[in-house]
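Tertiary structure, described
For reference, the chains in residue letters:
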Number of protein chains: 2
Amino acid sequence: MKSNRIIPILILTVVGSITFAQTGSQPAIIEDFKPSTLNQPGKEYPMVNSQGYARFRIEAPDAQNVHVSLGLGGRGGTKLTKTSDGFWEGTTEGPMDEGFHYYHLTVDGGTFNDPGTLNFYGSVRWESGIEIPAHDQDFYALKDVPHGHVQQILFPSPSTKTSRRAFVYTPPGYEKGQSKRYPVLYLQHGWGEDETAWTNQGRANLIMDNLIAEGKTEPFLIVMTYGMTNEIKFGGLKDFDINPFQTVLLDELIPYIDTNFRTLSDQPHRAMAGLSMGGMETRTITLANPDVFSRVALFSGGSISLEDLEKNPDFKEKVELLFISYGSRELENPRRGPWGDPKENTEAVKESGMNTHFYVSPDTAHEFQSWRRSLYQLAPMLFKE
Amino acid sequence: MKSNRIIPILILTVVGSITFAQTGSQPAIIEDFKPSTLNQPGKEYPMVNSQGYARFRIEAPDAQNVHVSLGLGGRGGTKLTKTSDGFWEGTTEGPMDEGFHYYHLTVDGGTFNDPGTLNFYGSVRWESGIEIPAHDQDFYALKDVPHGHVQQILFPSPSTKTSRRAFVYTPPGYEKGQSKRYPVLYLQHGWGEDETAWTNQGRANLIMDNLIAEGKTEPFLIVMTYGMTNEIKFGGLKDFDINPFQTVLLDELIPYIDTNFRTLSDQPHRAMAGLSMGGMETRTITLANPDVFSRVALFSGGSISLEDLEKNPDFKEKVELLFISYGSRELENPRRGPWGDPKENTEAVKESGMNTHFYVSPDTAHEFQSWRRSLYQLAPMLFKE
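The residue count restarts for each chain, going from 1 along the sequence in the order it is written. The naming scheme follows written order: chains are lettered A onward, ligands numbered 1 onward. Restriction of local features to residues with pLDDT of at least 70 applies here, the model being predicted, together with a cutoff of 80 or more for giving and counting side-chain atom pairs; totals for whole chains, interfaces and linings are based on all residues. The side-chain figures draw on all heavy atoms in the structure; neither hydrogens nor water molecules are used.

**Details of unusual backbone geometry**
The omega torsion of the bond from Tyr 45 of chain A to Pro 46 of chain A falls at 0°, within 30 degrees of zero and hence cis. We count a stretch as a helix when DSSP gives it H or I for four or more residues in a row; a strand needs E for two or more, and each element gets its number in order from the N terminus. Along the chain, Pro 46 of chain A turns up in the loop between β1 (34–35) and β2 (47–48). In this structure, Ser 123 of chain A is a non-glycine residue whose phi angle is positive, near 55°. In this fold, Ser 123 of chain A is placed in the loop between β11 (119–122) and β12 (125–132). Look at Ser 123 of chain A and you get partly exposed, because its relative accessible area is 41%. With a phi angle near 55°, Ser 276 of chain B is a residue other than glycine that sits in the positive phi range. Residue position: Ser 276 of chain B is located in the loop between β17 (270–275) and α5 (277–288). Residue classification places Ser 276 of chain B among the buried residues on the basis of a relative accessible area of 13%. Categorising residues by exposure relies on relative accessible area from a 1.4 Å probe, with only protein chains included: less than 20% of the type maximum marks a residue as buried, more than 50% marks it as exposed, and the intermediate range marks it as partly exposed.

This is the structure we're talking about:
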């Protein structure tokens, strides 16, 4: 991948800078498009080029209008135009941010997925997904290293009267061991997503495999389950009742994991993290339960203020790491939310004596590339001896 | 579910018999439609009723034509008609067979999935799926019993120069054990499918959980990987080279499983089964390798003849169980294939002294309901002590 990127980047340095500086328009499109790595087997489209442009091609010979929801921010997606052979084609107006993006098609007024791509659960539906190759994609690439397993479990949940699904990442060698016990990170998805997000979109298992292979992190388990977030209307956070999910997590899932996996089942070896809505869940649950979790991370999901610490003195005393992260584009247009500016809050909490870390993912928004990088940053500092 | 079915069945006994007998047409539709159990969360359509009719409703206000590939055999699917509110609606012309069906939409000449359903990999693409409740659905239902885990593994494959994915079902209690070892069934999907099919469409893990809970089968592992079948053109079987997949299976996957899981790693405790194309792979590989597998099952995937046994005398001597199955509708219109009539073959092999079993799934075709039932029949006889 790298060798293919060298020439386009050189060209961009010369051509791109002029284009940007003199006209403010987008750089000339380089015709080195390749199928997105998230396409279904054998599917050519959608394609991406070395600059991050995405190109679509959809068969619908009798359609009146085909539109792609993905496009540059605020420009309303990408309109496709009909070709003489019954396909609809189009290219984004400019380069997309690096990493994973959700999208869907509108075909004659109906919402459908692009038949070229794999599907990913987001926005409370299975959506199309596309991957813009990132300059740092190596940390989540599938490599020839020992791989952990991702186990689908069905755990009993009396409070919701069903067997609930979770996924458990076990690090390489876990299944061969007989006595070694591991710390655990409980890792939550965002609104509209589910327990599949952190491995499918987030590549959490590959991030861990690669970190472990390089000796950069202690091996630990990651447990991912559905956060019951999707009945929440956007903006209706103040009415969100954390109790049903907290009951599932604390009273049902954690005991199941500690019974069925070789965990270190005490507070010092248990962490919780979440992205967006899952960060807000993490915030609420860990503030109220500092006896359960010793490490806390919120990815694009709010922050913790001095006021929070005053109200929850045990949190400051018992939690050994507080990690807050955002995509840089989120901070350009801050949505301060009910908890104030995350950077200011985190600095104040740090000055008050807590072990905190604030991370900003460069040139990414409220999307999975920010959260992949956040996990990559977080993992090595989680359970350091 | 059962209580909802009693009244419609009573009505059918009276009304349905007249309708069928006098006109040959389909029974009157009973308006007790409910969302298919394979719909995405919160989606009402597609729906199914107690007779097995399927009803579709697709939003596409500006479309000219919307068509569903699912319909009664040979009638070309189901054409939808436009309603005044911008939706396209339609109901199958008659009751569908019980169980799982793949389908897709044609919208203005393009192929798309129904946005209401989960997706299932078949026909070399992620397809829509619908579930017609079966009278025997209890054996693959999610119940309040101990559940095994389904582990995604990435195993090294030098022959294909990548890490390949497989899923491993481990029975309830496996992860708590320290020394108990288990037999293994290698279980293959069909053409156009992949390693996700046996759990997503086939519900193999739930079939096993339920059988084990009732004490009807010995617990064993099931290993499911991609059979590399999808480059084969339909009908191009005679050109199919089994060697690449056989190498992955015998030289790479089996050693990985025996190293990383607590298996009984000898021929008496290793079985292979497959459906359709996967049955043909099973047939070829086990005939050539009777030292590796002691139990062999072909689901809608050919049979083994006396001639095969003459050519492969070790197979008859070393294989302890040969299980052949078909959906009854496949035998109504037999496609004898290159290996002759499966029932005649199996009877001849049985008379020659092999332990064989021939199973026919009632009122099902070349579809997953036949294969769910086949696994349910096979499992208890696989590793009986």
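Continuing now.
**Re the domain arrangement of chain A**
Residues and elements named next belong to chain A. Segmenting chain A into domains produces domain 1 (34–96 + 99–132) and domain 2 (139–381). Domain borders in the structure are assigned automatically or taken from a domain database. Centre-to-centre, using C-alpha coordinates, domain 1 lies 31 Å away from domain 2. Across the boundary between the two partners, domain 1 contributes twelve residues, which contact 13 residues of domain 2. Here the quantity called buried area is the accessible surface, traced with a 1.4 Å probe, that two parts lose on coming together, added over both. Summed over both partners, the interface of domain 1 with domain 2 comes to about 1,000 Å²; 51% of that surface belongs to carbon and sulfur atoms. When the buried area of domain 1 at its contact with domain 2 is split by residue, Phe 100, Tyr 121 and Val 124 rank highest and sum to 43% of it. A pairing counts as a salt bridge when a side-chain nitrogen of Lys or Arg comes within 4 Å of a carboxyl oxygen of Asp or Glu. Taken together, domain 1 and domain 2 are joined by one salt bridge. Two residues, Glu 131 and Arg 372, come together in a salt bridge whose shortest N-O distance is 2.7 Å. Polar contact is the term for a pair of N or O atoms within 3.5 Å; when the atoms are in protein, one must be able to donate a hydrogen and the other to accept it, and sequence-neighboring residues count only if both atoms are side-chain atoms. Connecting domain 1 to domain 2 are seven residue pairs in polar contact (both at pLDDT 80 or more). Of all elements in the fold, only β8 (99–103), β11 and β12 reach the threshold of two or more residues within the side of domain 1 that touches domain 2. Per element, the largest residue contribution to the side of domain 1 that touches domain 2 is four residues, and it comes from β8. Any residue outside Ala, Val, Leu, Ile, Met, Phe, Trp, Tyr, Cys, Pro, Asp, Glu, Lys and Arg is labelled polar, Gly included; the first ten of those are nonpolar and the last four are charged. Within the side of domain 1 that touches domain 2, the residues separate by chemical class into six nonpolar, four polar and two charged. Residues count as neighbours in contact if any of their non-hydrogen atoms are within 4.5 Å of one another.

**Quick word on the interface of chain B and chain A**
Taken together, the contact between chain B and chain A spans 44 residues of the former and 44 residues of the latter. Where chain B abuts chain A, roughly 3,600 Å² becomes buried across the two surfaces, and 50% of that area is made up of carbon and sulfur atoms. Viewed at the interface, chain A and chain B are joined by 14 residue pairs in polar contact (both at pLDDT 80 or more). Of the residues forming the side of chain B that touches chain A, the biggest block, six residues, is contributed by strand β13 (residues 149–157) of chain B. By residue class, the composition of the side of chain B that touches chain A is 19 nonpolar, 18 polar and seven charged.

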